[in-house]
Amino acid sequence: MSKRITVGVARPAAVTVFINGRAVEAYVGESVLTALIAAGVLTTSRDSFGRLRTPFCNMGVCFDCLVEVDEGEGASSRVRACLTPVRAGLRLVVPEGH
Amino acid sequence: MAANDQQGSDATCEVAIIGAGPSGLAAAAVLREHGVGVTVIDEQPRAGGQILRQPPKSFSVAHWLPAKLYDRVKAALHAVSEQPHIDWRFQSTVLGIMRPSPYRRSGGGAHELWIQGPAGCYLLRANAVLLAPGCYERPLAFPGWTLPGVMGAGAIQGFVKSQQFVPGNRFVLAGSHPLQLVVADQLLTAGAHVAAVVFTQRRQQAWRMLRHPFVALRHHRQLLETSRILRRLRRADVPVVFGHTIVRADGANAVENATIAEINPSGVTDRHKTQVFECDRIGVCHGFLASSELARQAGADMHWKDHAGGWVARHDDWLESSIRNLFVAGEITSVDGADAALEKGRIAAVGILRSLGRIDDNRARNLAAVARKRLSRLQDFAAVLQQLAQPPANLALQAMSDDTILCRCESIKLGELQRALADNEHILSADAAKLLTRVGMGLCQGRLCGDNVARVIAETRGLQPNEVGPFQAQAPVKPVPLAALVRGRCG
């Protein structure tokens, strides 16, 4: 299992984000990808053939961590999870099945 | 402008710096000292580049990156990171370097950057541009490399350094670059298990180069750090295996183990001599490719430096590319490491001052003298490191089997490319292969497969990878959502 380092690290108070509707704890400012992997989600998107993709570079190059952010009222956007900071109440949509 | 006060509207600046890593930061400091207006653009939320990927502002981390090897880049970061006179534009992607339209009345500027920022897309005009986009990991494609849990070693390091997060439990690091020792050490310190660190080099080969008197005398600091890390790994019972390469990753839904095989003295992988390590994450580490897409898109002259970064930009003594007032610094000129990148940034900044008429030739020469001297010493070391860190010739080709996915985005297997090459003798370039097979056609725009595709074509046709060429780079050099275009200007 992955884990957040706590020794010598002070984080802000935890907030809730939603992964496919499931509430998980995360910290403002950490990357969405960190929040996802900490919650056990390693497959973040599908390729153009619908096959599951998994992050490789963690620096905005591979686009394997492209996730959908549900912005409400039917609107959504796709962001690179590795470059996007967590904010409270974020609603993330990732492929089901893993 | 206050830090990160990001406008979504068109703007003009004196000098735009693309990349807030060592080169960009060092250049910004020199330009500010001379009163030049600087705008720094970076995709990350904070300055520092990959080498100093900072923790989020909302975190406080005691003893962040204590190792001495970060001292000089840290000093450069601290010199400018809180500078209110620099216009910082973070979480912003430069989609293209465009020439201003002659048909539009513009506010001047030699170059127009097409930028996707948090508030949408806009144009930024600049009298001069410094392109310092850094580099990314050269991926090795091998059976199982698309399984969840296989990442670049640098990706794993990014989680530890910046996110203060250990993205797994038990790690295998495999490759040819000494960076993996640093990553292993940082993982151990963070409390993770390291199952093995695997080097393609044979032990004697590494030792012989490191003991070269030239290296030993001038670079004892780096060598000392390396031997300290090796000692710590030994104390933690982490096997460091030499002369082996990763041949496959296996697991039901994610990585469960890594298989490595011996490389025989003539550089051929012997699949009968294998070892298996249980692990849930694999970090691969075979050197770096310069992020050359913006330079290529802008039309700058490039050349091929293979294990010093793949396609890198040509430049003159002042680090000006073949395009007037488009300067290049850092790994895009050759992957020489962060300390060298600092000096390149300083030289490029002096070159920009000279080009903008702020200083004369004489003053420029004097201002750049110290940086040039340091750079030449650092590049001597970089050349030794590049040679040391080079995987055996053809490792990339040996690592793939017919059904290994070559292009992750489009799920194109090696066999598909080989069949296309066999069926059509006219495929001589990466672009031709792309048209017929869709390799490089996906979201990463060929960044992850381009190098391997070029090697496959070159090998099949009896050419060198530089004769096959990189994929054509077009703006937008990264995919941009339509919504971002609708919200802002689309160039």
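Conventions adopted
- Residues numbered from 1 in each chain as written.
- Chains lettered and ligands numbered in written order.
- Predicted model: local features only at pLDDT ≥ 70, side-chain atom pairs only at ≥ 80, totals over all residues.
- Heavy atoms only, no water.
- Helix = DSSP H or I, 4+ residues; strand = E, 2+ residues; numbered from the N terminus.
- Domains from an automatic or database assignment.
- Contact = heavy atoms within 4.5 Å.
- Buried area = accessible area lost by both parts, 1.4 Å probe.
- Salt bridge = Lys/Arg side-chain N within 4 Å of Asp/Glu carboxyl O.
- Nonpolar A, V, L, I, M, F, W, Y, C, P; charged D, E, K, R; others polar.
- Buried < 20%, exposed > 50% of the residue type's maximum accessible area, 1.4 Å probe, protein only.
- Pairing = 2+ DSSP bridges.
- Axes fitted to C-alpha atoms, helices over the stretch in contact; angles between N-to-C directions.

Q: Quick question: what am I supposed to make of unusual backbone geometry here?
A: Residues and elements named next belong to chain B. Residue Ala475 is joined to Pro476 through a cis peptide bond whose omega torsion reads -5°. You can see Pro476 is positioned in the loop between helix H15 (465–468) and helix H16 (482–487). Positive phi, close to 55°, is recorded for His63, a residue that is not glycine. Along the chain, His63 falls in the loop between strand S3 (60–61) and helix H2 (71–80). The residue Gln164 is not glycine, and still its phi comes out positive at about 55°. Structurally, Gln164 can be placed in the loop between helix H3 (153–163) and strand S10 (165–166).

Q: Explanation requested: the domain arrangement of chain B in the structure shown.
A: One widely used convention gives an interface's size as the accessible area the parts lose upon coming together. Residues and elements named next belong to chain B. According to the domain assignment, chain B consists of domain 1 (11–136 + 289–386), domain 2 (139–286) and domain 3 (401–467). Using C-alpha coordinates to define each centre, domain 2 is positioned 27 Å away from domain 3. Facing the six residues of domain 2 at the interface are seven residues of domain 3. Interface area, domain 2 with domain 3, both sides summed: about 640 Å², of which 59% is carbon and sulfur. When the buried surface of domain 2 facing domain 3 is broken down by residue, Pro139, Trp145 and Thr146 rank first, second and third, together holding 68% of it. Put simply, domain 2 and domain 3 have zero salt bridges between them. For the side of domain 2 that touches domain 3, a count of residues per class yields five nonpolar, one polar and no charged.

Q: So what exactly am I meant to see when it comes to the pairing of strand S6 (residues 111–117) of chain B here?
A: All names here are of chain B. Most of S6 is tucked away: seven of the seven residues are buried. Burial of the side chains of S6 extends over both faces: His111, Leu113, Ile115 and Gly117 are buried on one face and Glu112, Trp114 and Gln116 on the other. Pairing of S6 with strand S7 (residues 120–131) involves seven bridges; the strand directions are antiparallel. Residue pairing across strands places Trp114 opposite Leu123, the latter belonging to S7. In sequence, S6 turns back onto S7 through a hairpin of two residues.

Q: Help me understand the sheet that holds strand S17 (residues 281–285) of chain B in this model?
A: For sheets, the rule is that strands pair by backbone hydrogen bonds, running either parallel or antiparallel. All names here are of chain B. The parallel open sheet is built from five strands, whose spatial order is S9-S17-S11-S12-S13. Both outer strands of the open sheet, strand S9 (150–152) and strand S13 (240–241), are each paired with one neighbouring strand and no more. Bridge count between strand S11 (residues 170–175) and S17: five bridges; the pairing is parallel. For Leu173, the partnering residue across the bridge sits in S17 and is Gly283. Running at roughly 175° to strand S12 (residues 193–199), helix H4 (residues 179–189) makes contact with S11, S12 and S17 of the sheet.

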